[in-house]
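An overview of the molecular structure
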Amino acid sequence: MPQTYSQDLPHGITTIDTGYCRPGFDASHLLVEKGQAALVDVGTAFSVPRLLQVLETKGIAREAVRYVMVTHVHLDHAGGAGSLLRYLPNAQLVAHPRGAPHLIDPAKLIAGATAVYGEERFNALYGEIVPVAAERVITAPDNLELRLNGRPLLFLDTPGHARHHYCIYDAASRGMFSGDTFGLSYRDFDSEKGPFIFPTTTPVQFDPKALHASIERLLSFNPARMYLTHYGCVEIVPRLADELHVMIDAFVGLAREAAAEGEDRHAMLVAGLNRLLLSALQAHDCGLPQARMRELLAVDVELNAQGLEIWLNKSAET
Ligand SMILES: [Zn+2]
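Described below are features of the structure shown in this document. (Residues numbered from 1 in each chain as written. Predicted model: local features only at pLDDT ≥ 70, side-chain atom pairs only at ≥ 80, totals over all residues. Heavy atoms only, no water.)

1. Here we look at the coordination of the zinc ion
Formally: For Na, K and Ca the donor cutoff is 3.2 Å, while for all other metals N, O and S atoms count as donors only within 2.8 Å; water does not appear among the atoms, so some sites may look incomplete. Under the classification used here, a metal with four donors is tetrahedral if each angle lies between 85 and 135 degrees, square planar if opposite donors are over 155 degrees apart and the others between 65 and 115, a six-donor metal meeting that same test is octahedral, and anything else is irregular.
At the metal site, the zinc ion is ligated by Asp76 (OD), His77 (NE2), Asp180 (OD) and His230 (NE2), and these contacts range over 2.1 to 2.4 Å. Considering all 4 donor atoms around the zinc ion, angles at the metal cover 82 to 161° and the coordination shape is irregular.

Structure below.
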């Protein structure tokens, strides 16, 4: 069966399209070290057949997968973990200490996502959320080092997108598995200037100050590349970090402007985010028609607007 949804990178790393939402939107990364394997983020329950297919095509036995590492417990990253683990008898799940309990008992995750999407859409997007047996879970406190067949992987607590978020530094590739902490960069928007990047403020724990600090922490490792869940490998890391910092502040500025708008607040934020991102894409010399850009941005603009509103509500309380 021909595979069009995985791309091999150097250093034993493969980007796999999980199939969530649209092509090129949501990735899992496979890491192979001398016959042993690990996955970073896994998509949803619907992604499991693809992940297993890639293992099979590469001749990696299911028994050789040692770790399933989820950068945070949002369902586009971790929703399929429980389903996948049923097929990987020797794999342990590595989760942030704040996220692990929700993978063992997913009731709150399901309730939270159902509140955002409604029940019908939730089922269509995520399918079954299978609980993970507690004895298969390793919690990853800040600075934990695990070895995949001797290859060191360093877990970094990186709040800002979510408080239950870690990133993983892979010294062998000088690469960082960044989950959603280092923003979103779709290959659709690549231009002669390289990749285009923007932050994600998805509900419900966006914290701009923490996000700025986490990006700086990632940079302190001087990584040559980032492996983003949305989507794939990007280089030119310092330029992208600068752009993320500027855009986080611009998003927060939009939110503050919209704060007093009451009922119109959501619509105002959606319009503001579209304006900001479309003009940045234009400056980036992205050649796509504007309608196509809007279409590609729509999911993130909606979620970012919701997350900024939640942040505004929380800021007003304190
Ligand atoms: Zn995500």
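2. Things to note about the packing of aromatic side chains
Quick reminder of the rule: Each aromatic pair joins two rings of Phe, Tyr and Trp (for Trp, the six-membered one) with centres within 6.5 Å, and gets the label stacked for planes under 30 degrees apart, edge-to-face for over 60, and tilted for any other angle. Comment: elements are numbered from the N terminus, with helices defined as DSSP H or I runs of at least four residues and strands as E runs of at least two. Only protein chains enter the accessibility calculation, which uses a 1.4 Å probe; a residue is then buried when its area is under 20% of its type maximum, exposed when over 50%, and partly exposed in between. A ring is scored as having a charge over it whenever the NZ atom of a lysine or the CZ atom of an arginine sits within 6 Å of its centre and within 35 degrees of its normal.
In total, this model carries 13 aromatic pairs according to the counting rule given. Their ring planes at 55° and their centres at 5.4 Å tell us that phenylalanine 122 and tyrosine 126 sit as a pair that is tilted. Placement of the pair is phenylalanine 122 and tyrosine 126 together in helix 6 (residues 119-126), with a separation of 4 residues, close to one helical turn. Assessed through its relative accessible area of 3%, phenylalanine 122 is described here as buried. Given a relative accessible area of 3%, tyrosine 126 falls into the buried group. Three or more aromatic residues joined by ring pairs make a cluster, and in this case those are Tyr20, Phe25, Tyr117, Phe122, Tyr126, Tyr186, Phe189, Phe196 and Phe198. Across from the ring centre of tyrosine 186, 4.8 Å away, lies the NZ or CZ of arginine 22, which sits over that ring. Against the face of tyrosine 5 rests arginine 50, its NZ or CZ located 4.4 Å from the ring centre.

3. Let's talk about the packing of helix 8 (residues 237-258) against helix 10 (residues 290-317)
Cut-off, in case you're wondering: Fitting a line to C-alpha atoms yields each axis, with helices limited to the stretch in contact; the angle taken between N-to-C directions then spans 0 to 180 degrees. What makes a crossing left-handed is the near helix being turned counterclockwise from the far one by less than a right angle; a clockwise turn instead makes it right-handed. Contacts are assigned to residue pairs that have any heavy atoms within 4.5 Å of one another. Side-chain classes follow a simple rule in which Ala, Val, Leu, Ile, Met, Phe, Trp, Tyr, Cys and Pro form the nonpolar group, Asp, Glu, Lys and Arg form the charged group, and the remainder, Gly included, forms the polar group.
Look at helix 8 against helix 10: their axes get within 10 Å of each other, and the N-to-C directions meet at 65°. In terms of crossing hand, the pair formed by helix 8 and helix 10 is right-handed. Counting all contacts with helix 8, which are made through Phe251, Val252, Ala255 and Arg256, the residues of helix 10 involved are Asn304, Leu308, Trp311 and Leu312. When its residues are assigned to classes, the contact of helix 8 with helix 10 shows 6 nonpolar, 1 polar and 1 charged.

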